[in-house]
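# Geometric and topological summary
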Amino acid sequence: MQIRKGTADDIIHIRALTERATNSTYLSNETDDVVRDFVDDLVETSTSTFTNAIKAQDQSVYVATRDDELLGYVIAIHDAPEIRWIVVDPAAHGTGAGKALMIAALDALADQGVRSNVRLTVAAHNERAKAFYRKFGFMVTGPVSDRSVPTVEMQRAA
């Protein structure tokens, strides 16, 4: 597996990867229209978000690949500081791709002088993701009130 900076060449893969990951996380047979709309919005904005991030001076974008196949990506916002998107293909869960992406993002933030108070948000029901983030020192700090899907904020103290 390789971790490298995201490029314009990756953009063609972002939408499909985000769709696989968000469908796996949010959708089930009992999913209501509010959640489906939320997932559709995430998928639709993923390409433009990635495109804008690779052009921005205040953001770091990394991708995980294996044999030229995109396994996941992460976007870190320097001045927020925030891990805005970390997306891993469900087929790559358990391969270390998520861990490598998180390390790359936290290292990029550290290079900007940010070592604490890094925030991220996660679906409240996603216990697997919350456990993953806890391994990096993130703790749930409370609910995010402006989301159609119950979401919590997590913050890294150090």
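Coordinates for the structure precede this section.
So, a few notes on the structure that sits alongside this text. Everything quoted here is computed from the prediction, not taken from an experiment.

### Focus: the nonpolar core
Within the largest apolar cluster, 27 residues are counted, with the highest numbers of intra-cluster contacts made by Ile-83, Met-102, Leu-106, Tyr-133 and Phe-138. Secondary-structure elements contributing two or more residues to this core are β2 (59–66), β3 (69–77), β4 (82–88), α3 (97–111), β5 (118–123), α4 (127–134) and β7 (151–156). Looking at which element gives the most residues to this core, the answer is α3, with eight residues. In contact with Phe-138, other than residues within four places in its own chain, are Ile-83, Met-102, Leu-106, Val-118, Arg-119, Leu-120, Tyr-133, Met-154, Gln-155 and Arg-156.

### Some details on α3
When the terminal C-alpha atoms of α3 are compared, their 21 Å separation across 15 residues agrees well with the 21 Å that a helix rising 1.5 Å per residue should span. Those residues of α3 not exposed but buried are Ala-97, Gly-98, Leu-101, Met-102, Ala-104, Ala-105, Leu-106, Ala-108 and Leu-109. One or two steps after α3, the chain reaches Gly-113, where phi turns positive at roughly 90 degrees.

Thresholds applied
Residues numbered from 1 in each chain as written. Predicted model: local features only at pLDDT ≥ 70, side-chain atom pairs only at ≥ 80, totals over all residues. Heavy atoms only, no water. Core = buried A, V, L, I, M, F, W, Y, C linked by side-chain atoms within 4.5 Å. Buried < 20%, exposed > 50% of the residue type's maximum accessible area, 1.4 Å probe, protein only. Helix = DSSP H or I, 4+ residues; strand = E, 2+ residues; numbered from the N terminus. Contact = heavy atoms within 4.5 Å. Expected span 1.5 Å × (residues − 1).

Scope: geometric values only; no functional claims are made or implied.
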